[in-house]
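The residues making up each chain are set out below.
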Amino acid sequence: MLNVSPIRPVDVARVDDRPLWVEISGDEVWWDEPRPHEGGRRCVVRRGPDGTLRDALPPGWNARNRVIEYGGRSWRPAGGGAIVFTNWADQRVYRYAGEGEPEPLTPEGPFRYADLYLPPGREEVWAVRESDAGEVRRDLVAVPLDGGPVRVIVQAQHFLMNPRLSPDGGKIAWIGWDHPNMPWDGTDLCVAPLRPDGTAGPYEKVAGGPEESVVQAEWRDDAALYAITDPTGWWNIHLVPLDGSEPRNLAPLPLEFGDAPWKLGFTWFAIAGERLVTMYGTADGRRLGVLDPGSGEITEIGGTATHWAPTISVGGSTVVAVAASPYTPFEVTAIDLGDGGRTVLSAGKELPGRDLLPTPEAVVIEGVHAHVYPPHGGTGAPAPYVIFVHGGPTGVSPIMLDLEVAYFTSRGIGVADVNYGGSTGYGRAYRERLRHQWGVVDVQDCAKVARGLVADGRADAARIAIRGGSAGGWTALAALVHSDVFRGAVAHYAITDPESWAAETHDFESRYLDGLIGPLPQTRPRYLERSPLLHAAQASGPALLLHGLEDAIVHPIQAERFVRELDRNGTPWAYLTFPGEQHGWRREETIVAVLEAELAFYGLIFGLPTPEVPPLHLNK
């Protein structure tokens, strides 16, 4: 019998997302937060010294952008209570002074802007500008705050991020890379002189390379930068001199101080005087600490938090970041670097009782990392389990409160969140287990975890399903057709055929499969062998597919083709689409409908009653 749980889909929608960016501005702290109940927009919030919260954007304005389709840093405080931001509806940069309507700073056209940065002493905002007029190109540009013409600063690599002005105003640093690399494969940290006209001169590479990934850099002074890079196989913080001498690893540890930059503008450390405030750890626990660059010693200041989102700001003796734990969602948190005091700044969210929240356990099963969330009210008998597969696939599932997980565990369904080979958080060697093995290693690793749970007496072998989104949806469907472990699969906005997806997807990921499967056409047999679409007849159970109709990363045609093949082969299926949704769910009504459909699907394949949600019909 499925448990009755007070955790509703609408509760998940209102808790289960995170602030993306934080910044200290004078005596205020700013951040942006999702508003699922307002059509999924992201609104910037200001917290005054008296604790008062108020919106920094008028109703209806949405601080998001589509650069590399995953977006990037979308706003910055511009002084005097003003803000500059990118607006989702038209992708232009706007300035808003707090009254009237926001004023556009960039012209209409085929442009998108991200990774906004206000260089000190200059009345302009720097950004990555992406143009999709015919051939896609990206430049670093300056947008004057008075609305003057946009100026191109840097034309270099195909992909750029992390523009930074040196303290003396005479140099610019950035991170760039080219196809077929992804930013976690290899990037270059570049420095160029800044000419009097505000454009960059010839640049030199000071760190990185085709097999070394620099993901963040900040100026220490005019002669050196701090940078997160991974020549040792771990993203550690290095001091990078400009005199040609070798970078120095400030804390050489088998821990990750950085992560995959899926959005442009992520930051994992900030400078606090002579010290650095930094995140570090593994996917089983990311901590926050203060690093002494001279001694390499780290003093932990993060308290009980088990994960920190990749955004951080320092002002005076205060650091602000976004923390989560197994029992608290992402919260904007201020820490006093003097006395270590911690204060939650964001508005509190209504949470279920602690007894309904699962206590995660980090496990390693046959070399595969996973986080197991046991079902609520377990009797000791083997329970139904769902294998959760994160996206990316160069992504990670950290240990933290996830009400989506609790929605199922509170109803007696266990969850195992698998960080399969290819995941970040465990060093480059673990990440590169997936090189040319996508659709093989990820599938095998998920099956290993499922079988391990059965062997331990936790999971019922006849009631195990698998689910994932995007690349995780690919793995879920690949596991359904290439293994006999899973009773059914749920695929959110999933890739179903790699060869057609490589031809149909956007520029950022258009060469991603070179490293995951192999270059085309040389390795085409691998694409055919691993395609869930081409092996749908081998499905070990039914499938539920869900897709946003405005998805530019994975076109809905991927799902449509797969369900046609299931139908042709007599395998039960259901397919739900959502107008107005892109790659990922943002609207409250969508999140509710998706969770209800998923629970109903598990009820059908596990033989469990689900009277609290609308029935789901499987086509046969």
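In this text, all values refer to a predicted model and were calculated from it rather than measured experimentally.

A.B. asks: Quick question: what am I supposed to make of the overall build of the protein here?
C.D. replies: Across its full length, the protein holds 10 helices and 36 strands. Against the compact-globule benchmark of 25 Å for 620 residues, the protein has a radius of gyration of 24 Å, which places it among compact chains. In terms of overall dimensions, the protein has C-alpha extents of about 70 × 55 × 50 Å along its principal axes. The burial tally for the protein puts 63% of its 620 residues in the buried class. For the protein, the distance from the average site of its 55 positive side-chain charges to the average site of its 80 negative ones is 2 Å.

A.B. asks: So what exactly am I meant to see when it comes to the packing of aromatic side chains here?
C.D. replies: Two measures describe an aromatic ring pair: the distance that separates the ring centres and the angle between the ring planes. A complete count under the given rule lists 26 aromatic pairs for this structure. Site record: aromatic cluster; members linked through ring pairs are Tyr70, Phe159, Trp177, Trp184, Trp262, Phe508 and Tyr512. The ring of Tyr117 has Arg164 lying over it, and the distance from NZ or CZ to the ring centre is 5.1 Å. The ring centre of Tyr407 lies 4.1 Å from the NZ or CZ of Arg411, which sits over that ring.

A.B. asks: What should I look at first to understand helix α9 (residues 557-568) in this one?
C.D. replies: Turn by turn, an α-helix covers 3.6 residues, leaving residues three or four places apart pointing in a common direction. For α9, which comprises 12 residues, the first-to-last C-alpha distance of 16 Å matches the rise-based estimate of 16 Å (1.5 Å per residue) to within 8%. Burial in α9 covers these residues: Ile557, Gln558, Ala559, Phe562, Val563 and Leu566. The inward-facing, buried residues of α9 contact α5 (471-482), α6 (498-504), β35 (543-548) and β36 (573-578). Phi turns positive, to about 80 degrees, at Gly570, one or two residues after α9.

A.B. asks: Is there a simple way to think about unusual backbone geometry in this case?
C.D. replies: Backbone phi values are negative for most residues with the exception of glycine, while trans is the configuration of most peptide bonds. Of note, the bond from His179 into Pro180 is cis; its omega dihedral lies within 30 degrees of zero at 5 degrees. Within the secondary structure, Pro180 is located in the loop between β14 (171-177) and β15 (188-193). Put simply, Leu520 and Pro521 share a cis peptide bond, and its omega is 5 degrees. Within the secondary structure, Pro521 is located in the loop between α7 (512-516) and α8 (524-530). Unlike most non-glycine residues, Asp115 shows phi in positive territory, near 55 degrees. Its place among the elements puts Asp115 in strand β9 (residues 111-117). Its identity as a non-glycine residue notwithstanding, Glu366 has a phi of 50 degrees, on the positive side. Relative to the helices and strands, Glu366 is located in the loop between β29 (361-365) and β30 (368-373). Note on Glu366: relative accessible area 59%, which makes it exposed.

A.B. asks: What exactly am I supposed to notice about the pairing of β30 here?
C.D. replies: For a regular strand, the rule is simple: side chains alternate between the two faces of the sheet. Taking burial as the measure, the 6 residues of β30 include 6 buried ones, the bulk of the element. The alternating pattern of β30 places Val368, Ala370 and Val372 on one face and His369, His371 and Tyr373 on the opposite face, and all of these are buried. In this sheet, β30 lies alongside β29 in antiparallel orientation, the contact comprising 5 bridges. The partner of Val364 across the bridge, within β30, is His369.

A.B. asks: How do you make sense of the packing of helix α4 (residues 441-455) against α5 when you look at a structure like this?
C.D. replies: In a pair of packed helices, the angle between the axes and the distance between the axes together describe the arrangement. Interaxial distance between α4 and α5 falls to 9 Å at its minimum, and their mutual angle equals 75 degrees. Taken together, the axis directions place α4 and α5 in an arrangement best described as roughly perpendicular. Between α4, through Asp442, Val443 and Cys446, and α5, the contact on the second element is made entirely by Trp474, Thr475, Ala478 and Ala479. Partitioned by chemical class, the residues of the contact of α4 with α5 number 5 nonpolar, 1 polar and 1 charged.

A.B. asks: Looking at this model, I keep getting lost on the pattern of salt bridges. Mind explaining?
C.D. replies: Think of it this way: side chains of opposite charge can pair up when their charged atoms draw near. One pass over the structure, following the stated rule, counts 40 salt bridges. Where Arg451 meets Asp484, a salt bridge forms, and the shortest distance between an N and an O atom there is 3.8 Å. Of the two residues, Arg451 sits in helix α4 while Asp484 sits in the loop between α5 and β34 (488-492), which places them 33 residues apart along the sequence. Among the ionic pairs, Arg568 bridges to Glu565, the shortest N-O distance being 2.9 Å. Of this pair, Arg568 and Glu565 both sit in helix α9, separated by 3 residues, roughly a single helical turn. By relative accessible area, Arg568 is classed as exposed at 62%. Salt bridges sharing partners connect three or more residues here, namely Arg66, Glu69, Arg112, Glu130, Asp132, Arg138 and Asp507.

A.B. asks: Please clarify how the sheet that holds strand β3 (residues 41-47) should be interpreted in this entry.
C.D. replies: The strands that make up a sheet are held in pairs by hydrogen bonds between backbone atoms, and each pair lies either parallel or antiparallel. Taken in spatial order, the 4 strands of this open sheet run β1-β2-β3-β4, and their pairing is antiparallel. Only two strands of the sheet have a single neighbouring strand rather than two, namely β1 (22-25) and β4 (53-55). Here the strands of the sheet are splayed against their neighbours by 30 degrees on average, with no regard to which way each runs. Note: β1 against strand β2 (residues 28-35), 4 bridges, orientation antiparallel.

A.B. asks: Help me understand the side chain of Gln157, please; the structure alone is not making it clear to me.
C.D. replies: By secondary structure assignment, the location of Gln157 is in the loop between β12 (151-154) and β13 (159-165). We classify Gln157 as buried; its relative accessible area is 4%. Side-chain polar atoms of Gln157 contact the side chain of Trp174, separated by 3.1 Å. In this structure Gln157 touches Arg138, Trp174, Gly176, Trp177, Asp178, Asp188, Cys190 and Tyr203, once residues within four positions along its chain are discounted.

A.B. asks: Where do I start with the sheet that holds strand β6 (residues 82-86) in this structure?
C.D. replies: Overall, antiparallel pairing links the 4 strands, which are arranged β5-β6-β7-β8 in an open sheet. Each end of this open sheet is capped by a strand with a single partner; those strands are β5 (75-79) and β8 (103-104).

A.B. asks: Explain the side chain of Asn162 here, please?
C.D. replies: Locating Asn162 in the fold gives a position in strand β13. A residue is classified by how much of its surface remains accessible, and Asn162, at 5% relative accessible area, is buried. Apart from the residues lying within four places of it in its own chain, the contact partners of Asn162 are Asp115, Ala173, Trp174, Ile175, Gln216, Ala217 and Glu218.

A.B. asks: Help me understand the environment of Ile517 in this model?
C.D. replies: Topologically, Ile517 is positioned in the loop between α7 and α8. Linking Ile517 and Arg435, residues 82 residues apart in sequence, is a C-alpha distance of 6.9 Å. Once residues within four sequence positions are removed from consideration, Ile517 is found in contact with His436, Trp438, Pro498, Thr523, Arg526, Tyr527 and Arg530.

Thresholds applied
Residues numbered from 1 in each chain as written. Predicted model: local features only at pLDDT ≥ 70, side-chain atom pairs only at ≥ 80, totals over all residues. Heavy atoms only, no water. Helix = DSSP H or I, 4+ residues; strand = E, 2+ residues; numbered from the N terminus. Rg over C-alpha atoms; globule rule 2.2 N^0.38 Å. Buried < 20%, exposed > 50% of the residue type's maximum accessible area, 1.4 Å probe, protein only. Lys, Arg positive; Asp, Glu negative; His and termini not counted. Charge placed at Lys NZ, Arg CZ, Asp CG, Glu CD. Phe/Tyr/Trp six-rings, centres within 6.5 Å; stacked < 30°, edge-to-face > 60°. Lys NZ or Arg CZ within 6 Å of the ring centre and 35° of its normal. Expected span 1.5 Å × (residues − 1). Contact = heavy atoms within 4.5 Å. Pairing = 2+ DSSP bridges. Axes fitted to C-alpha atoms, helices over the stretch in contact; angles between N-to-C directions. Parallel < 35°, antiparallel > 145°, perpendicular 65-115°, else oblique. Nonpolar A, V, L, I, M, F, W, Y, C, P; charged D, E, K, R; others polar. Salt bridge = Lys/Arg side-chain N within 4 Å of Asp/Glu carboxyl O. Polar contact = N/O pair within 3.5 Å; in protein donor to acceptor, adjacent residues only side chain to side chain.

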